[in-house]
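Residue strings, one per chain:
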Amino acid sequence: GSNDGDVHFYEPRRSYEHAGSCRGLESYVTHLDFDFEGTLLQINTGAGAQHWCSVPSGSRLSAEAVLDRHPRWRSDYPTDQRLPACRRYRHRRW
């Protein structure tokens, strides 16, 4: 994710070659969540919108198309709800 309204995908097995992008988000990215297969990405933006993209093509998907697939998200959060705010953790100093 980035603050330019795009999410870029890179292939680590190919020297981080650019594999695709989900473009045209109206605001900066606040949350990202992949499904367990790694083929879908759920995105929340600073404008309060929720988007879904295919990975790595970056094709935008409708909520209905995503719900038809019954994805299981890494965060275990439902598709039809915005991802919760990130928690801030204090880092221990050893």
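Refer to the preceding data block for the structure.
Residues numbered from 1 in each chain as written. Predicted model: local features only at pLDDT ≥ 70, side-chain atom pairs only at ≥ 80, totals over all residues. Heavy atoms only, no water.

**Quick look at unusual backbone geometry**
Part 1 of the reasoning: In this model, valine 55 is joined to proline 56 through a cis peptide bond whose omega is 5°.
Part 2 of the reasoning: Along the chain, proline 56 falls in the loop between strand 5 (50–54) and strand 6 (60–61).
Part 3 of the reasoning: One non-glycine residue, serine 15, lies in the positive phi region at around 55°.
Part 4 of the reasoning: Checked against the element boundaries, serine 15 lands in the loop between strand 1 (7–11) and strand 2 (17–22).
Part 5 of the reasoning: Note on serine 15: relative accessible area 69%, which makes it exposed.
Part 6 of the reasoning: In this model, histidine 70 sits at a positive phi of 50°, which is unusual for a non-glycine residue.
Part 7 of the reasoning: Note on placement: histidine 70 falls in the segment after helix 1 (63–69). (Helix = DSSP H or I, 4+ residues; strand = E, 2+ residues; numbered from the N terminus. Buried < 20%, exposed > 50% of the residue type's maximum accessible area, 1.4 Å probe, protein only.)

**Comments concerning the nonpolar core**
Part 1 of the reasoning: By size, the foremost hydrophobic cluster in this structure holds 9 residues: Val7, Phe9, Cys22, Leu25, Val29, Leu41, Ile43, Cys53 and Val55.
Part 2 of the reasoning: At the level of elements, strand 1 and strand 4 (40–45) are the ones that each hand at least two residues to this core.
Part 3 of the reasoning: Contacts of phenylalanine 9, omitting those with residues within four sequence positions, involve Glu17, His18, Ala19, Gly20, Ser21, Cys22, Phe34, Leu41, Ser54, Val55, Pro56 and Gly58.
Part 4 of the reasoning: Judged by nonpolar contacts, the second largest core, of 5 residues, contains Leu40, Trp52, Val66 and Trp73. (Core = buried A, V, L, I, M, F, W, Y, C linked by side-chain atoms within 4.5 Å. Contact = heavy atoms within 4.5 Å.)

**Some words on the sheet that holds strand 3 (residues 29–34)**
Part 1 of the reasoning: The strand order across the open sheet formed by 4 strands is 3-4-5-6, and the pairing between neighbours is antiparallel. Edge strands, defined here as strands with exactly one partner in the open sheet, are strand 3 and strand 6.
Part 2 of the reasoning: Sheet analysis places strand 4 next to strand 5, joined by 5 bridges and oriented antiparallel. From the neighbouring strand, glutamine 42 faces strand 5, where its bridge partner is tryptophan 52. (Pairing = 2+ DSSP bridges.)

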